[in-house]
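Chain by chain, the residues run as shown.
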Amino acid sequence: MRILPVVVALVLLGLAGCQGEVSGQAEPEGDSFTIKDGSRLRFRPVLAELPPGPPTGSATDRQSTDPAGQQAAAAALDCSAGPDPLDGRDDPALPLVSCDRVEGVKYLLGPAFLTGADLSRANARLATQSGGPIVGLSFTDAGARTWADWTAGNVGKQVAMVLKSRVLTAPMIQSAITGGETQITGKFTMSEARQLARDIAGA
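Residues numbered from 1 in each chain as written. Predicted model: local features only at pLDDT ≥ 70, side-chain atom pairs only at ≥ 80, totals over all residues. Heavy atoms only, no water.

**Examining the confidence of the model for the chain**
Here the chain shows a mean pLDDT of 84. Residues at 70 or above account for 84%. Between the elements of the chain, mean pLDDT differs from a low of 41, seen in strand β1 (residues 4-5), to a high of 97, seen in helix α2 (residues 141-152). The low-confidence segment residues 1-19, where pLDDT is below 50, has 176 contacts with residues more than four positions distant or belonging to other chains. (pLDDT = per-residue confidence, 0-100. Helix = DSSP H or I, 4+ residues; strand = E, 2+ residues; numbered from the N terminus. Contact = heavy atoms within 4.5 Å.)

**Some points on helix α1 (residues 67-76)**
Among the residues of α1, Gly69, Gln70, Ala73, Ala74 and Ala76 are the ones counted as buried. For α1, the angular spread of buried residues about the axis comes to 165 degrees, placing them on one side. Facing away from the buried side of α1, by more than 90 degrees, are the exposed residues Pro67 and Ala68. Against β6 (41-50), β7 (96-99) and β8 (106-109) lie the buried residues of α1. (Buried < 20%, exposed > 50% of the residue type's maximum accessible area, 1.4 Å probe, protein only. Arc of directions from axis to C-beta.)

**Describing the side chain of Gln63**
With respect to the secondary-structure elements, Gln63 resides in the loop between β6 and α1. Within the local environment of Gln63, its side chain forms a polar contact with the backbone oxygen of Pro95, the two atoms lying 3.0 Å apart. (Polar contact = N/O pair within 3.5 Å; in protein donor to acceptor, adjacent residues only side chain to side chain.)

**Quick word on the packing of aromatic side chains**
With the rule as written, the count across this model stands at seven aromatic pairs. With a centroid separation of 6.5 Å and an interplanar angle of 65 degrees, the aromatic rings of Phe43 and Phe113 are classed as edge-to-face. Placement of the pair is Phe43 in strand β6 and Phe113 in the loop between β8 and β9 (114-115), with a sequence separation of 70 residues. A centroid spacing of 5.7 Å and a plane angle of 70 degrees characterise the contact between Phe43 and Trp147, whose relative ring orientation is edge-to-face. With Phe43 in strand β6 and Trp147 in helix α2, the pair connects residues that are 104 residues apart, well separated along the chain. Of the two residues examined, Phe43 and Trp147, each falls in the buried class. Through pairs of rings, three or more aromatic residues link up here, namely Phe43, Phe113, Phe139, Trp147 and Trp150. (Phe/Tyr/Trp six-rings, centres within 6.5 Å; stacked < 30°, edge-to-face > 60°.)

As structure tokens, then:
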């Protein structure tokens, strides 16, 4: 499913398929996962979201900097295929055409500005006020500073969390997020929140 954008002040729009929000509030921990290998998780800004559709044409350069090349790559991308052929070998300094695992929504993403190495923990729990499932992220000190700066300048925009070149979720930033703690909320079940937290942590 595609996760919705949410951040303590952030809303996720997509657990791969679900949309959400992101905010910065801290909640009691539920199922918590220490970041195992953050090298393949990347945070990329969403530049455009394209409707799902069957692939047309042959495989093209998914990291093109040319708008026409990006459109061709999006048209050719088959979101229903198995593992992503790039499998995490995308260049973080270049744009990326990708899609979520469940809904097949295609995204044009900008260069990465954070990686999983900038996180310390991910957890799934029930929110104190709403009682709904949320995913919590704890950033390192350096990651928290970058995240605070980026969210402050991108309120109302989506951020994609990309694992092995596929979008896990693409939440919307609700406000600037400071303090190093972020929440992702959206239309997902507790088991889906737990799986998202596990995927983000590389567990």
